[in-house]
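# Notes for the structure review
Okay, here's what each chain looks like letter by letter:
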Amino acid sequence: MASSFLSTPIEFLKGVGPIRADLLKKELRIFTFGDFIQHYPFRYVDKSKFYKTNEITSDGAYIQLKGHIVDVQVEGVKQKKRLRAWFKDDAGGIELVWFQSLKWVYDTLKPDMEYIVFGKPTRYKNTFTIVHPEVDLATDGYLNNLVKFMPVYNTTELLKARGLDSRSLGKAMRTLFTEQKLFSVPENLPQPILQKYQIISREQAFRRIHFPIGNEEISAATKRLKFEELFLLQVRLSLLKLNRTKANRGYVFDKVGDFFNVFFNAKLPFALTNAQKKVVKEIRNDMRMDKQMNRLLQGDVGSGKTLVALLCMLIALDNGCQAALMAPTEILARQHYISLTELLGDMPVKVMLLTGSTKQAARKKILAALEEGTLNILIGTHALIEDEVRFKKLGLAVIDEQHRFGVEQRGKLWNKYPGTKPHVLVMTATPIPRTLAMTVYGDLDLSIIDEMPAGRKAIATYHRYDTTRYKVFEFMKNEIANGRQVYIVYPLIEESAKMDLRNLMDGYDMIEKAFPRPHYRISIVHGKLSIKEKDLGMDLFVKNVTQIMVATTVIEVGVNVPNASIMIIENAERFGLSQLHQLRGRVGRGAEQSYCILMTSHKLTKEGKLRIETLCRTNDGFEIADMDLKLRGPGDMQGTRQSGVLDLKLSDIARDQELVKLTRYAAQQLLTDDPGMQKPENRPLLEYLSQFDKGTSWSKIA
Ligand code: ADP
Ligand code: MG
């Protein structure tokens, strides 16, 4: 097989052997020649240039000097022992210091020889010092082989101790390219793609990224390798999607009947926004096909996703099916239940609520009605995915705030049906930047509500320091006097749960003192309370019996109290950007001007400050998501970890957005043109993918 060279175990590389190979596997996860060749340099240093000792500045850059080493002395005792030497050239001198391998250095360095010294100078007292410089004899051979772009590789302390520093990794790399028999790197991208996008071959790219002779070579190689990473990812995702739609037939919802029409004409409390119309149309078209729909509906908090879900569920009913709506928390499920039954009014639609706290008798009734088919819409929490919950004919499953559910849980809701699978609509208020969605959720279809209902006032967001809290309290009192309500949210992070809870209780005491009964009343809700206690606290706030809600992030998701107009977030620097945005979305749901106040101490990291500033500047969830992606990198974004698709070595989803789009387009074009990758020029791609994704039988796709 053509690729066998790259799958050769790393111990067979000349000069590596079994012991170092073991270390390379453990430390850098390098198992084969192929892994090694993809251990790219993270930067290059210019070894063609020599500095003079009087040109050294303290900018922390690596430099190379040529001259003599004199006055080699060992100082100190035992662990504090070190070796100092003086390096001089015709412009002056600097100090060299070693803490290790003293004897070897001492025995090797000769005052009458000329040396090349390479390292990073640091200022120590009034002189520059290079600690542990690389030192080589300035022989003709050495001088003739100096390169402008010497690759620098990531390595580890353990590897260095075994002689595998960046430099010897570079040497081993050169051995691989020049001395290893049968060297071959087969192309894995189709020739037409290489031509169309002006991309160099795989072998050239590897060669150039390790041993470039100019910047142009580095960028050509980087372009090729990034393209490959992202293109392969997109092809794989598209194939997954193709496979899924092939395998899963779906109900054909070709009717729009009384349920939908009566509701739309007689019950809709307001005109749909254009964005809502657009996504309802997209979803309807999708459910009309005989394929199972798998769609992600993104819309900022308050953009009206619930209504969209209801309209889609009514279409399912019109086509003789049932629908389910699953929410991540009990509070949210109940809110959905209340708002849907209110919206439906006297329409003959039977809606019920099933959660962990549904009583046994009620549960029995619900389950019976569900199996009979007399129950049309079931709303609930995780309770919906339990085995005993059996629909007569589930046509549409809507999952709200999907990031709270694992992929597996999602699957469980529909995989228990042996025949036709229900359509699935996943709703999220966590905007995911489009490019990330294209990769992480590349196998889902995407609908976006990018418009807010008319008349919403932008939430005014401010940053305040703890030291001016009394002013914030004054402001709260004013708003409460005008009939408004206030949320105060504390962080509760699992790792420091005890301290956080303490913090919350202290905060509660302080607030109680500042807002005494009976004039003011306060609700408190956090994860350590029983469901009953939580519900009571929430309920009193919803009914406006309490004016202040002190809570942890349990209220983050979906809670709707339009009369609440102030959101105060304590220790705001401890929350992530998306989470802050979610929390802020709890206010601004009514007609009043709303406020979000981010409280912090004076101690703020640069990044914490940037997060706060971003939030004060904009209300646009997508802009915030983009910033979040930039700050945290894709590895930390919602859902990327579980997806496991983002094993990218060179590309960066945030920085390479254009390339993400380009490769997605290229992948889709290729698969439209040749879905089975059977054309001769596409065969290498198919072959590469089949060995890459063992267990997935790509060849069966056609
Ligand atoms: P989210 O997308 O965050 O789930 P909701 O569905 O809870 O948002 O809707 C937020 C609020 O906006 C609700 O009170 C809802 O009744 C209202 N709403 C939804 N669609 C519209 C619309 N087209 N015009 C006016 N208000 C709307
Ligand atoms: Mg919602």
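Residues numbered from 1 in each chain as written. Chains lettered and ligands numbered in written order. Predicted model: local features only at pLDDT ≥ 70, side-chain atom pairs only at ≥ 80, totals over all residues. Heavy atoms only, no water.

## Remarks on the packing of aromatic side chains
Test applied: Whether two aromatic rings pair depends on their centres lying within 6.5 Å, for rings of Phe, Tyr and Trp, where Trp uses its six-membered ring; planes under 30 degrees apart make the pair stacked, over 60 edge-to-face, and the rest tilted. In this description a helix means any DSSP run of H or I spanning at least four residues, a strand means any run of E spanning at least two, and both kinds are numbered starting from the N terminus. The rule is simple: take the accessible area with a 1.4 Å probe, protein chains only, and divide by the maximum for that residue type; under 20% is buried, over 50% is exposed, in between is partly exposed.
Tallying each qualifying case throughout the model produces 15 aromatic pairs. Ring geometry for Tyr40 and Phe206: centres 6.4 Å apart, planes at 25°, overall stacked. Taken together, the positions of Tyr40 in the loop between α2 (33-37) and β1 (43-45) and Phe206 in helix α8 (residues 202-210) put the pair 166 residues apart, joining distant regions of the chain. In terms of burial, Tyr40 and Phe206 fall into one category: buried. With a centroid separation of 4.9 Å and an interplanar angle of 90°, the aromatic rings of Phe475 and Tyr595 are classed as edge-to-face. You can see Phe475 sitting in helix α17 (residues 469-481) and its partner Tyr595 sitting in strand β22 (residues 595-600), a full 120 residues away along the chain.

## Structural notes on the sheet that holds strand β20 (residues 548-551)
Remark on secondary structure: sheet strands pair via backbone hydrogen bonds, oriented parallel or antiparallel. Rules: By definition, two strands form a pair when at least two bridges between them are found by DSSP. Each axis is a line fitted through C-alpha atoms, and for a helix only the stretch in contact is used; angles between axes span 0 to 180 degrees, taken between their N-to-C directions.
Taking strand neighbours across the sheet as the criterion, the 6 strands line up as β17-β22-β21-β18-β20-β19 in an open arrangement whose pairing is parallel. Of all strands in the sheet, those with a lone pairing partner are β17 (460-465) and β19 (522-525), marking the two edges. The sheet shows a mean angle of 20° between the axes of neighbouring strands, taken without regard to direction. Relative to β22, strand β21 (residues 564-569) runs parallel, the two sharing 4 bridges. When the bridges of β22 are listed, Ile569 appears paired with Leu598.

## Some remarks on the site of ligand 1
Test applied: By convention in these notes, a residue is near a molecule or strand provided one of its non-hydrogen atoms lies within 4 Å of it. Each polar contact in these results corresponds to two N or O atoms within 3.5 Å; when the atoms are within protein, one needs to be able to donate a hydrogen and the other to accept it, and residues that are neighboring in sequence are counted only if both atoms are side-chain atoms. Surface exposure here means Shrake-Rupley accessible area, sampled with a 1.4 Å probe, where a residue is shielded only by the protein chains that are shown. Charged residues are taken to be Asp, Glu, Lys and Arg, nonpolar residues to be Ala, Val, Leu, Ile, Met, Phe, Trp, Tyr, Cys and Pro, and polar residues to be all remaining types, Gly included.
Near ligand 1 there are 17 residues, and of these Gln276, Gly302, Lys305, Thr306 and Arg456 occur at the shortest range. Ala271 is positioned such that a nitrogen or oxygen atom in its backbone is 2.9 Å from a nitrogen atom of ligand 1. Within the backbone of Gly304, an N or O atom sits 3.1 Å from an oxygen atom of ligand 1. Considered on its own, ligand 1 offers 570 Å² of accessible surface; in the complex 80% of this is hidden by protein. Top contributing element to the shell around ligand 1 by residue count: helix α12 (residues 305-318), with 3 residues. For the shell around ligand 1, the residue count by class is 6 nonpolar, 7 polar and 4 charged.

## Overview of the pattern of salt bridges
Selection rule: Any carboxyl oxygen of Asp or Glu within 4 Å of a side-chain nitrogen of Lys or Arg constitutes a salt bridge here.
Within the structure shown, the criterion is met by 32 salt bridges. Residues Glu623 and Arg617 are paired through a salt bridge, measuring 3.0 Å at the closest nitrogen-oxygen approach. Assessed through its relative accessible area of 54%, Arg617 is described here as exposed. Via salt bridges that share partners, Lys47, Glu134, Asp136 and Arg167 belong to a single interconnected network.

## A look at unusual backbone geometry
Of the consecutive residues Arg517 and Pro518, the connecting peptide bond is found in the cis state with omega at -5°. Its location among the elements puts Pro518 in the loop between α18 (497-514) and β19. Of note in this structure, Gln198 is not a glycine but carries a positive phi near 50°. With respect to the secondary-structure elements, Gln198 resides in the loop between α7 (191-196) and α8.

## Here's the deal with the sheet that holds strand β5 (residues 114-119)
Spatial strand order, β6-β7-β4-β3-β2-β5-β8: 7 strands in an open sheet with mixed pairing. At either margin of the open sheet sits one strand with a lone partner, and together these are β6 (121-124) and β8 (134-137). With direction set aside, neighbouring strand axes in the sheet form an average angle of 45°. Sheet topology note: the strand β2 (residues 63-75)/strand β3 (residues 82-89) ladder contains 6 bridges and is antiparallel. Considered in β3, the bridge of Gln73 is made with Arg84.

These figures capture arrangement, not role.
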